[in-house]
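An overview of the molecular structure
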Amino acid sequence: MTETALSPAPSPDDPRVIAEVGLLMSRAALPLSAAELAELAASYPLQQAGVEALYAVPEARYTDPALRFRADARIIDWAG
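Report follows, based on the coordinates. (Residues numbered from 1 in each chain as written. Predicted model: local features only at pLDDT ≥ 70, side-chain atom pairs only at ≥ 80, totals over all residues. Heavy atoms only, no water.)

Looking at helix 2 (residues 34-55)
Each α-helix winds once per 3.6 residues, and so residues spaced three or four apart point in a common direction. Between its first and last C-alpha, helix 2 extends 31 Å over 22 residues, near the 32 Å set by a 1.5 Å rise per residue. The largest bend along helix 2 measures about 40 degrees and falls at Y44, with the proline P45 one to four residues further on. Taken residue by residue, helix 2 has A41, Y44 and P45 as its buried positions. Contacts from the buried residues of helix 2 go to helix 1 (15-27). (Helix = DSSP H or I, 4+ residues; strand = E, 2+ residues; numbered from the N terminus. Expected span 1.5 Å × (residues − 1). Bend = angle between axes of the 7 residues up to and from the residue. Buried < 20%, exposed > 50% of the residue type's maximum accessible area, 1.4 Å probe, protein only. Contact = heavy atoms within 4.5 Å.)

Quick word on the packing of helix 1 against helix 2
Running from N to C, helix 1 and helix 2 cross one another at 110 degrees; their axes reach a closest spacing of 9 Å. By the angle between their axes, helix 1 is roughly perpendicular relative to helix 2. Crossing handedness for the pair helix 1 and helix 2: right-handed. Contact residues: helix 1 offers V17, I18, E20, V21, G22, L24 and M25, while helix 2 offers L37, L40, A41, Y44 and P45. Taken together, the residues that form the contact of helix 1 with helix 2 break down as 10 nonpolar, one polar and one charged. (Axes fitted to C-alpha atoms, helices over the stretch in contact; angles between N-to-C directions. Parallel < 35°, antiparallel > 145°, perpendicular 65-115°, else oblique. Left-handed = near helix turned anticlockwise from the far one by under 90°. Nonpolar A, V, L, I, M, F, W, Y, C, P; charged D, E, K, R; others polar.)

As structure tokens, then:
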């Protein structure tokens, strides 16, 4: 497996982190108090680093780990 360098996580006190979290929540139409925004901003760099780590694995780039519902699926009798 190849090692991939991840970008360093920004500080939770960074105004850009607070602004980005606020923007994400406003786009999702989720109202936040100042305390809730501070709490989410504090955990955001760690969560972002985790997401980047998931995408940093070159071998998993084109995999599709999600199960999908297929409306056209048919039940076939295996015994027949």
